Amino acid sequence: MALMDLANPTRFLALSGRVLPWLAGAAVLALAIGFILAFRAPADYQQGETVKIMYIHVPFAWLAMFGYTLLALSAIGILAWRHPLADVSHKALAPIGAVFAFLCLITGSLWGRPMWGTYWVWDARLTSMLVLLLLYLGLLALRSAIEDASQAGRAVAVLTLVGFVNVPIVKFSVDWWNTLHQPASVFRMGGSTIDSSMLWPLMICALGFTLLMLALHMAAMRNEILRRRLRSLEARAAAEAAHA
Amino acid sequence: MLGEHGAFILAAYGVSALALGALALSTFLQGRAVRRRLGELEARGVRRRSARRSLS
């Protein structure tokens with residue numbers, strides 16, 4: 001089946017209906033295994049048991065950036081092809097990405113207080129992540145402020161692409177500026193600096209949260225497609241009632 | 001088991017479970033509500049054009 005054949009709301013509903021339970025099940029399984037391994041992993045020699053927060057904080061940070069990257073791809077689909085599924089994808093993903101960005105900041109604060117002695121500092125990594133959360137919230141606010149759906153879709157797509165410049169800033173902020181936040185320790189030149197006893201649980205937790213985000217995105221897309229069908233049927237029912 | 005900073009670890013996991021649980025529950029409930037409303041309309045005979053064509 002060609003990719004473009006799948007890019008059709010009816011086919012998407014049929015396919016996602018079959019895939020979604022497996023995706024959700026795989027997410028729950030990966031998270032269960034990840035958390036068991038995480039809570040059996042040794043404490044860090046400097047940070048002690050607070051390193052347990054890493055197993056959720058780091059995946060939330062990755063997925064907040066991954067979610068925004070998917071939003072940017074959806075925005076290209078909206079602007080270049082005006083594809084209805086791209087708009088559905090964008091609308092469904094924005095609140096999910098916002099939750100992941102919010103959780104990244106909250107869990108980071110809860111990790112920072114015992115390790116740095118403060119919940120918050122205005123360093124480049126924390127500030128650029130806060131900007132990412134504000135971008136997500138701005139996209140939600142902008143869409144809800146414009147009544148015409150296609151106009152709203154184009155406006156949020158433009159804002160998404162403008163805001164995408166912040167994603168590499170979040171990623172490289174710890175290299176470009178002197179930050180209290182530690183530099184990259186997993187995806188870096190020269191390999192990971194984390195011991196495999198902690199790296200494996202982290203990667204499995206990251207896989208579980210990625211599958212969870214994709215499952216939530218797929219479920220929210222299905223809801224949005226059905227919501228649009230409902231609106232069109234309600235409009236038709238109202239028109240038929242007016243003619244009767 | 002979680003050391004002297006256990007409250008911070010539990011708070012981080014608790015907030016995350018709460019937020020993600022609420023997100024999943026709200027997605028599920030929204031889906032159920034929209035499917036129920038679509039079912040009601042279809043029961044009244046209001047269908048999409050493509051559904052009408054396939055019925056005739």
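A quick note: this is a predicted structure, and the numbers were derived from the prediction, not measured. (Residues numbered from 1 in each chain as written. Chains lettered and ligands numbered in written order. Predicted model: local features only at pLDDT ≥ 70, side-chain atom pairs only at ≥ 80, totals over all residues.)

(A) A look at the overall build of chain B. The helix and strand tally for chain B stands at two helices and zero strands. Burial statistics for chain B: of 56 residues in total, 18% are counted as buried. (Helix = DSSP H or I, 4+ residues; strand = E, 2+ residues; numbered from the N terminus. Buried ≥ 20, exposed ≤ 12 C-beta atoms within 10 Å, placed from the backbone.)

(B) Expanded view of helix 4 (residues 84-116) of chain A. Residues and elements named next belong to chain A. Between its terminal C-alpha atoms helix 4 stretches 46 Å, which fits the 48 Å expected from 33 residues at 1.5 Å a residue. In helix 4, a bend of some 30° at Leu93 exceeds every other bend along the element, and Pro95, a proline, comes one to four places later. For helix 4, a buried count of 24 out of 33 residues is recorded, marking the element as mostly surrounded by other parts of the structure. The first or second residue beyond helix 4 is Gly117, which carries a positive phi of 85°. (Expected span 1.5 Å × (residues − 1). Bend = angle between axes of the 7 residues up to and from the residue.)

(C) Layout of the UniProt feature "transmembrane region" (unreviewed entry) in chain A. Residues and elements named next belong to chain A. Under the UniProt annotation, "transmembrane region" (unreviewed entry) lies at residues 20-40, 60-81, 93-112, 124-143, 155-178 and 198-221. Helix makes up 100% of residues 20-40 and strand 0%, whereas the separation of the span's terminal C-alpha atoms amounts to 30 Å. Note that residues 198-221 is 100% helix and 0% strand, and that its end C-alpha atoms are spaced 34 Å apart. (UniProt positions renumbered as here; feature names shortened; annotations may be inferred.)

(D) Fine view of the packing of helix 4 of chain A against helix 1 (residues 6-43) of chain B. Orientation of helix 4 of chain A relative to helix 1 of chain B, taken along the N-to-C sense of each, is 170°, at an axis distance of 9 Å. Comparing their axes, helix 1 of chain B and helix 4 of chain A come out roughly antiparallel. Residue-level inspection shows Ile96, Val99, Phe102, Leu103, Ile106, Thr107, Leu110, Trp111, Arg113 and Pro114 of chain A of helix 4 of chain A in contact with helix 1 of chain B, the latter providing Phe8, Ala11, Ala12, Val15, Ser16, Ala19 and Leu23 of chain B. Taken together, the residues of the contact of helix 4 of chain A with helix 1 of chain B break down into 14 nonpolar, two polar and one charged. (Axes fitted to C-alpha atoms, helices over the stretch in contact; angles between N-to-C directions. Parallel < 35°, antiparallel > 145°, perpendicular 65-115°, else oblique. Contact = placed C-beta atoms within 7 Å. Nonpolar A, V, L, I, M, F, W, Y, C, P; charged D, E, K, R; others polar.)

(E) View of helix 5 (residues 124-145) of chain A. Residue and element names in this part refer to chain A. With 22 residues, helix 5 extends 30 Å from end C-alpha to end C-alpha; this agrees with the ideal 32 Å at 1.5 Å per step. Taken together, the buried positions of helix 5 are Arg125, Leu126, Ser128, Met129, Leu132, Leu135, Tyr136 and Leu139. Residues of helix 5 that are buried make contact with helix 3 (54-81), helix 4, helix 6 (149-163) and helix 7 (166-176).

(F) Geometry of the UniProt feature "transmembrane region" (unreviewed entry) in chain B. Those residues carrying the UniProt feature "transmembrane region" (unreviewed entry) are residues 6-29 of chain B in this numbering. As annotated, residues 6-29 of chain B has a helix share of 100% and a strand share of 0%, and its two end C-alpha atoms lie 34 Å apart.

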